[in-house]
Number of protein chains: 2
Amino acid sequence: MPRPPREAMIDSAVALFRARGVADTSLRDVVEHSGVSRGSIYHHFPGGKEELALAATERGGTFISGLLARLLDDDADKAIAAFVDYWTSALTAAGFQDGCPVAAAALSSDETASARAAAGVAFTRWEELMAEAIARRGLPADRAASLSTLAIAGIEGALLICRAQGNTEALARVGAELRRLLGENGGEIVRGSA
Amino acid sequence: MPRPPREAMIDSAVALFRARGVADTSLRDVVEHSGVSRGSIYHHFPGGKEELALAATERGGTFISGLLARLLDDDADKAIAAFVDYWTSALTAAGFQDGCPVAAAALSSDETASARAAAGVAFTRWEELMAEAIARRGLPADRAASLSTLAIAGIEGALLICRAQGNTEALARVGAELRRLLGENGGEIVRGSA
DNA sequence: CGGTGACTATGACGACTGTCATAGACGCCT
DNA sequence: AGGCGTCTATGACAGTCGTCATAGTCACCG
């Protein structure tokens, strides 16, 4: 059986948001990409584009949350390496056209304000997951939180830079520094705050 | 005398890109914001929207380059703190509506491919400036380069997150971690690579 | 069998888009 | 004074946008 139309539309919206951003993705693009009929949009999404953008942002966010949670089962250090690997192949596979759907929602305009808010929630969730794994290595909670934010922000920023530069070097450098940082602070004695 | 019309249009494009992104900014928005007449667009920018987006991305990029170069005259550590302060007040002053114009160009679609390329050039320039300042503290060039990329990517990523979350906490945490990182690696003996 | 709800299919609306043509106004150079 | 380049001003074009109404198809349930 094929994917139900509402689900197919959300999946297509995620894919198109990654490639073109929210503003550049029309509802006609979504129905064409998903193969549903144009009249079905307001049947499945009475709220129109904003409701679809919200659903797509949440789906993209929870997908990454799930991936992150799975990777972090192992170890924060290795998880970052695997996460960077994931994005590296995702970028190259798509010819640097596809980015992070949550980042696209974060930069969207006021017309899709609820999607932007959902992006904020997703970022918070990722930070929490990562902070929990870092804290498991013996760092104090506030330090783990700020290191986690640096990791998430660094990777998201590297995705931006890689897309603009058309190569994966920024992501590789950020990944290397993050691993060194976590290896130092988690693998041995934690340095004092001074 | 007022600012010449071409310059005014570029300035307006930068401002609108920061607030709404490239795709959501129409040429009519730009002429209205800058006060020039609609017929002047193709007089000043024969290449249409793509040429204007390119010019705006370059202007935004060189503005940040100049700011960064000035701040880095002092010290890499203090420069990062000042840079984070700059973005913190910029975000709060605009009610978290305005982001980085170069990031907006990096996430733009293929229709403004030249602007995306210009964003890549701008990112490279920022990384070089920052790496040079970090290397001045005695780190090897490749290490300075990867630390510099982490700093730029971390701040750009934090801007995304702050815009989505509606507060400046992510930027503050990233700034704190970056300063600690540079303070450790630059202020004292550089640790071995192992 | 009949009907009820989920979904498809098509067409239309007003508004907006990038683009361009045309015509007029201003100021500087000779 | 005359002319030319810079810029303004307005209107129009073909296309697309989000949105919605309407009609038709299909499957399932009593």
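As the structure is a computational prediction, the values presented were derived from the model and not from experiment.

## Notes on the overall build of chain A
Thinking step 1. From N to C terminus, chain A includes 9 helices and 0 strands.
Thinking step 2. Secondary structure of chain A in N-to-C order comes out as α-α-α-α-α-α-α-α-α.
Thinking step 3. Looking at chain A residue by residue over its 194 residues, the buried ones come to 51%.
Thinking step 4. Once local pairs closer than 6 in sequence are excluded, the contacts in chain A between residues at least 24 apart make up 67%.

## Here's the deal with the relation of the copies chain B and chain A
Thinking step 1. Superposing chain B onto chain A requires a rotation of 180 degrees together with a translation of 0.0 Å along the rotation axis, leaving an RMSD of 0.0 Å. Expressed as a symmetry operation, the mapping of one chain copy onto the other fits a two-fold axis.

## Notes on the protein's contact with DNA strand C
Thinking step 1. Close contacts around DNA strand C come from 18 residues, with S37, G39 and S40 of chain A together with S26 and G48 of chain B the closest.
Thinking step 2. Counting residues per element, the surface near DNA strand C draws most heavily on helix 2 (residues 27-34) of chain B, which supplies 3 residues.
Thinking step 3. For the surface near DNA strand C, the per-class residue count stands at 6 nonpolar, 7 polar and 5 charged.

## Concerning the protein's contact with DNA strand D
Thinking step 1. Taken together, 18 residues surround DNA strand D, and among them S26 and G48 of chain A together with S37, G39 and S40 of chain B come closest.
Thinking step 2. Counting only elements with at least two residues in the surface near DNA strand D, the list comes to helix 2 (27-34) and helix 3 (41-44) of chain A.
Thinking step 3. A per-element tally of the surface near DNA strand D places helix 2 of chain A first, with 3 residues.
Thinking step 4. Its residues assigned to classes, the surface near DNA strand D shows 6 nonpolar, 7 polar and 5 charged.

## Looking at the interface of chain B and chain A
Thinking step 1. Taken together, the 39 residues of chain B in the interface contact 39 residues of chain A.
Thinking step 2. At the level of secondary structure, the elements contributing two or more residues to the side of chain B that touches chain A comprise helix 6 (101-106), helix 7 (113-135), helix 8 (141-165) and helix 9 (169-187) of chain B.
Thinking step 3. Split by residue class, the side of chain B that touches chain A holds 21 nonpolar, 11 polar and 7 charged.

## Things to note about unusual backbone geometry
Residues and elements named next belong to chain A.
Thinking step 1. In the Ramachandran plot, F96 falls in the positive-phi region, its phi being about 60 degrees despite a non-glycine side chain.
Thinking step 2. If you trace the backbone, F96 turns up in the loop between helix 5 (76-93) and helix 6 (101-106).
Thinking step 3. On the basis of neighbour counts, which here come to 19 C-beta atoms within 10 Å, the residue F96 falls in the partly exposed class.

## What about the nonpolar core?
Thinking step 1. The biggest cluster of nonpolar side chains holds 132 residues, and the ones touching the most others in it are A13, A105 and M130 of chain A together with A13, A105 and M130 of chain B.
Thinking step 2. Each residue touching A105 of chain A, except ones within four places of it in the same chain, is listed here: F17, V22, A53, T57, A115, R116, A118 and A119 of chain A.

## What about helix 5 (residues 76-93) of chain B?
All names here are of chain B.
Thinking step 1. Compared with an ideal rise of 1.5 Å per residue, which puts 18 residues at 26 Å, helix 5 spans 25 Å between its outermost C-alpha atoms and is within 8% of the ideal.
Thinking step 2. Buried residues of helix 5: A76, A79, I80, F83, V84, W87 and L91, and no others. Looking straight down helix 5, one finds its buried side chains confined to an arc of 135 degrees; they lie on one side. For helix 5, the exposed residues lying more than 90 degrees away from the buried face are S89, T92 and A93.

## Details of the environment of K78 of chain A
Thinking step 1. Relative to the helices and strands, K78 of chain A resides in helix 5.
Thinking step 2. When the C-alpha atoms of K78 of chain A and G183 of chain A are compared, they prove to be 9.8 Å apart, with 105 residues separating the residues in sequence.

## Structural notes on the packing of helix 1 (residues 5-20) of chain A against helix 4 (residues 49-72) of chain A
Residue and element names in this part refer to chain A.
Thinking step 1. Relative orientation of the contacting elements helix 1 and helix 4 amounts to 80 degrees, with a least axis distance of 9 Å. Regarding the angle of helix 1 to helix 4, the classification is roughly perpendicular. Within the contact between the two elements, helix 1 uses M9, I10, A13, V14 and F17 and helix 4 uses L52, A53, A55, A56, R59 and G60.
Thinking step 2. Of the residues in the contact of helix 1 with helix 4, the class split is 9 nonpolar, 1 polar and 1 charged.

## Remarks on the packing of helix 4 of chain A against helix 7 (residues 113-135) of chain A
Residues and elements named next belong to chain A.
Thinking step 1. With their axes 8 Å apart at the nearest point, helix 4 and helix 7 run at an angle of 5 degrees to one another. Between helix 4 and helix 7, the angle falls in the class roughly parallel. Contact residues: helix 4 offers E50, A53, L54, T57, E58, G61, I64, S65, L68, A69 and L72, while helix 7 offers S114, A115, A118, A119, A122, R125, W126, L129, M130 and A133.
Thinking step 2. Residue composition of the contact of helix 4 with helix 7, grouped by class: 14 nonpolar, 4 polar and 3 charged.

## Some words on helix 8 (residues 141-165) of chain A
Thinking step 1. End to end, helix 8 of chain A covers 35 Å across 25 residues, agreeing with the expected 36 Å (1.5 Å per residue, within 8%).
Thinking step 2. Helix 8 of chain A sits mainly inside the fold: 22 of its 25 residues count as buried.

## Description of the environment of A56 of chain A
Residue and element names in this part refer to chain A.
Thinking step 1. Mapped onto the elements of the fold, A56 is located in helix 4.
Thinking step 2. Residue class for A56 comes out buried when judged on the 30 C-beta atoms lying within 10 Å of it.
Thinking step 3. As for A56 and V102, which are separated by 46 residues in sequence, their C-alpha atoms are 8.9 Å apart.
Thinking step 4. In this structure A56 touches I10, A13, V14, F17 and P101, once residues within four positions along its chain are discounted.

## Overview of the confidence of the model for chain A
Thinking step 1. Per-residue pLDDT for chain A has a mean of 91; in total, 93% of the residues score no lower than 70.
Thinking step 2. Note on residues 187-194 of chain A: pLDDT under 50 across the span, and 3 contacts to partners over four residues away in sequence or across chains.

Thresholds, definitions, all that
Residues numbered from 1 in each chain as written. Chains lettered and ligands numbered in written order. Predicted model: local features only at pLDDT ≥ 70, side-chain atom pairs only at ≥ 80, totals over all residues. Helix = DSSP H or I, 4+ residues; strand = E, 2+ residues; numbered from the N terminus. Buried ≥ 20, exposed ≤ 12 C-beta atoms within 10 Å, placed from the backbone. Contact = placed C-beta atoms within 7 Å. Least-squares fit on C-alpha atoms with pLDDT ≥ 70 in both. Near = placed C-beta within 6 Å. Nonpolar A, V, L, I, M, F, W, Y, C, P; charged D, E, K, R; others polar. Core = buried A, V, L, I, M, F, W, Y, C linked by C-beta atoms within 7 Å. Expected span 1.5 Å × (residues − 1). Arc of directions from axis to C-beta. Axes fitted to C-alpha atoms, helices over the stretch in contact; angles between N-to-C directions. Parallel < 35°, antiparallel > 145°, perpendicular 65-115°, else oblique. pLDDT = per-residue confidence, 0-100.

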